[in-house]
Amino acid sequence: MPLNRLLTLGVGACTAVALSVPVAAAPASAAPSTHRTGGSLVLVGGALADDNREIYDDIVRLAGGPGKARIGILTAGAPVPAEDPDAGTPDCNNSVCNGDYYVDLFKKYGVADAQWIPIDLDHRTAADDPAVVRQIESMTGFFLGGGDQYRYVTTMTRGTAQRDSAALAAVRRKLRGGAVVAGTSAGAQIMAGRDMITGGSVDPGLRDGAKPGYFDDADVLGYLPKGGFGFFTAGLVDTHFSRRGREARSIRLAADTHHQRVFGLDENTALEVTGVGGGHQRLRVLGQRGVSVLDLRTARVTSVGGVWGIEGVRWSRLTAGDSYRADGWRVLVAPGKPPVVAADGPCTVAPSDDVLYNYALVGLAEGLAAQAGCASVGGTSYEQEPQWAAELTRGRGFAAYRGATATSFTGVVIGIHKA
């Protein structure tokens, strides 16, 4: 079954913000972690290829290594078989067949044992079953599949306070004790702390703002104030990031909810977090593309003709081998990556006419780095109501480096406003 079918569902937004005022300050860690140092996370931006040995091997290593790792598979974010028109076929996409798929895949990567943990919308009570808790306690690592992150909330937490089910409490204990928790797409998103995004299309969300809750309307930029499982609290999290042009929606959500930092995970790319819960967590990037870090500490919300905008968002993009120190807001480029040397001459980077989609902003940033004659680059959105303009400029500490499969950069400044 192709893993790129396991996609996070959308939903979303409407709130008003003050005009021409700085984004309100908030701690970098949105909610205090309750984890002792020792556990690890591997957050994947979605569309994780089954031959991405770098990421799968890392998960197995963190779980104890080949021949020792025991991986519990959670697929509660997926539809149940009755909702899947392809159930019982090779094209199936449901909690049961996805669980079987990942069990077989992890065994190919050398785990001693991989087991599906039978929690989904058809089996919510299993999350409080002592037998399921014992199964979880026997594992050294966990993998959370994609789908809809809100399904993880409804199956593994209890009540409006989102209290831990017995199963989630057991996973949390294992993480504190040194286990790895990995997830892709919705399975990565559910690890977030407060104000976890529940969905929303880019253009309507950017226009209308963020709204608390979960919505069936994909145009509404929704978020859950109490967050997800709270395993990762260094900033907001978004997935399928640059492929779906989610830089803009995550900036709007961060501004509306007073967050200073966003981690945007590209597809087939992972953010590894070690020392979870400690004062000095280490973050490292693996995989094909990049992880964006958006810094809103000096950003300023604006208005043009009554339409929301923002200036001064600082953007760094880390690629394979790069690290990040969340406590010091420091990008550490992997040793050996050569700097991009800008060519002299006039700027020939063409403006994008679909700037909020499909790596358009990444391509513009790479052009900004490659040509010394470019004072700024940008473009406009495909959507017209309103049409958005995005501009990228070089900020303090601007630099770019060539990786094996993608370009790293830091110090790009983003502005978004009505065209």
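Taking an unreviewed UniProt entry as the reference, the protein is identified by name as Cyanophycinase belonging to Micromonospora auratinigra.

A. Inspection of the overall build of the protein at higher detail. Across its full length, the protein carries 9 helices and 25 strands. A compact globule built from 419 residues would reach a C-alpha radius of gyration of about 22 Å, and the protein, at 21 Å, matches this within 12%. Projecting the C-alpha coordinates of the protein onto the three principal axes gives extents of approximately 65 × 45 × 45 Å. With 419 residues in all, the protein has 58% of them scored as buried. Considering only intrachain contacts with a sequence separation of at least 6, the fraction spanning at least 24 residues in the protein is 75%.

B. Spatial organisation of the state of the cysteines. In the structure shown here, the tally under the stated rule is 2 disulfides. Sulfur-sulfur distance for the disulfide between C92 and C97 comes to 2.4 Å. An S-S torsion of about 125° defines the bridge between C92 and C97 as right-handed. Paired by a disulfide, C347 and C374 hold their sulfur atoms 2.0 Å apart. Because the sign of the S-S torsion sets the handedness, a value of about 85° for the bond joining C347 and C374 places this disulfide among the right-handed ones. Pair noted here: C347 is in the loop between β21 (343–346) and α9 (360–370) and C374 is in the loop between β22 (371–373) and β23 (376–380), with a separation of 27 residues, a long-range link. Judged by relative accessible area, C347 falls into the partly exposed class, the value being 33%. The exposure class of C374 is buried, given its relative accessible area of 1%. When the cysteines of the protein that form disulfides are numbered from the N-terminus onward, they connect as 1-2, 3-4.

C. Local environment of the pairing of strand β2 (residues 39–44). Taken across its 6 residues, β2 has 6 buried, putting it largely inside the fold. Burial along β2 is two-sided: G39, L41 and L43 facing one way and S40, V42 and V44 facing the other are all buried.

D. Here's a closer look at the pairing of strand β11 (residues 221–224). The alternating pattern of β11 places L221 and Y223 and G222 and L224 on opposite faces, both of which are buried. Sheet topology note: the strand β10 (residues 210–212)/β11 ladder contains 3 bridges and is parallel. For A210, the partnering residue across the bridge sits in β11 and is L221.

Conventions and cut-offs
- Throughout, a residue's number is its position along its own chain's written sequence, starting from 1.
- Only residues with pLDDT of at least 70 are given local features in this predicted model, and only at 80 or more are side-chain atom pairs given and counted; all residues enter the totals for whole chains, interfaces and linings.
- The basis for every side-chain value is the complete set of heavy atoms in the structure, and neither hydrogens nor water enter the calculation.
- Only DSSP runs of H or I with at least four residues qualify as helices, and only runs of E with at least two residues qualify as strands; both kinds are numbered from the N terminus onward.
- Radius of gyration here uses only the C-alpha atoms, and the compact-globule reference equals 2.2 Å multiplied by the residue count raised to the power 0.38.
- Buried, partly exposed and exposed residues are distinguished by accessible area as a fraction of the type maximum, computed with a 1.4 Å probe on protein chains only: under 20%, between the cut-offs, and over 50%, respectively.
- Residues count as neighbours in contact if any of their non-hydrogen atoms are within 4.5 Å of one another.
- Note on terminology: disulfide denotes any pair of cysteine sulfur atoms within 2.5 Å.
- Here, any two strands with at least 2 DSSP bridges between them count as paired.

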